[in-house]
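Here's the letter readout for the chains.
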Amino acid sequence: MATIHPPRRQVDDPRNPVAIELIPMRRRHIPQVLDIERRVYPRPWTMTLFLSEIVQRSTRYYIVARARRKVVGYAGLMVFGDEAHVTNIAVDPGLHRRKVASRLLFALVTEARRRGASACTLEVRVANHAAQALYHQFGFAPVGIRKNYWAEGLQTPAYAERLAGLAARIPEPREL
């Protein structure tokens, strides 16, 4: 069950968050995911790679954001033991700055916490300042030359408070 917010009449207003639903990524979504992947990343993943990831449900978590039944963003998470890693997160360039990535990342860190992860990593391009600002809101901080970001203490009360504060600013849906 996914909640759509804000009301549909505001979907096309670039000043407002776009109305989306977050659902598990399925094979049928991959052609639309690949379209976004090719427009966003210099070295896009292949269909085979996405297919191999979405079947590993015990250690992977992949979701898509849909607006009017069209995939407008997607994100993936890998969890091993008490560590999680954001494998990818991307939004249709025409919908950047509409809080789609915020809702996707919120769902990923929520799932990481649900699965018992106490830390989460991700990689970001040095020049992608908008993404870095988003990740910083979630407690990610640079830890090395490799452009990794690391958020620790996902199970702590302090991180729960951070998510609660973000929830007030990130429109529904934020998690599945």
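If you're wondering where the values come from, they're calculated on a predicted model, not measured in any experiment.

**A look at the overall build of the protein chain**
Thought 1: Tallying secondary structure elements over the protein chain gives five helices and seven strands in all.
Thought 2: Per-residue burial over the protein chain gives 46% buried out of 176 residues.
Thought 3: Put simply, 64% of the contacts in the protein chain that link residues at least 6 apart link residues at least 24 apart.
Thought 4: Roughly 9,400 Å² of accessible area belongs to the protein chain as shown, and the carbon and sulfur atoms make up 53% of that amount.

**Examining the pattern of salt bridges**
Thought 1: Here the structure, examined in full by the defined rule, presents seven salt bridges.
Thought 2: With a shortest N-O distance of 3.7 Å, Lys70 and Asp92 are connected by a salt bridge. With Lys70 in strand β3 (residues 70–80) and Asp92 in the loop between β4 (83–91) and α3 (100–114), this pair connects stretches of sequence that are 22 residues apart.
Thought 3: When its relative accessible area of 9% is taken as the criterion, Asp92 is described as buried.

**So, the environment of Arg57**
Thought 1: Within the fold, Arg57 resides in the loop between α2 (47–54) and β2 (60–67).
Thought 2: Overall, Arg57 belongs to the exposed group, its relative accessible area being 56%.

**Details of the environment of Leu154**
Thought 1: Position of Leu154 among the secondary structure elements: in the loop between β7 (148–152) and α5 (157–169).
Thought 2: Along the primary structure Leu154 and Cys120 are separated by 34 residues, whereas in three dimensions their C-alpha atoms are 7.9 Å apart.
Thought 3: Discounting residues that sit within four places of it in the chain, Leu154 has contacts with Val109, Ala112, Arg113, Ala117, Ser118, Ala119, Cys120 and Tyr159.

Calculation criteria
Residues numbered from 1 in each chain as written. Predicted model: local features only at pLDDT ≥ 70, side-chain atom pairs only at ≥ 80, totals over all residues. Heavy atoms only, no water. Helix = DSSP H or I, 4+ residues; strand = E, 2+ residues; numbered from the N terminus. Buried < 20%, exposed > 50% of the residue type's maximum accessible area, 1.4 Å probe, protein only. Contact = heavy atoms within 4.5 Å. Areas by Shrake-Rupley, 256 points an atom, 1.4 Å probe, with all protein chains shown as cover. Salt bridge = Lys/Arg side-chain N within 4 Å of Asp/Glu carboxyl O.

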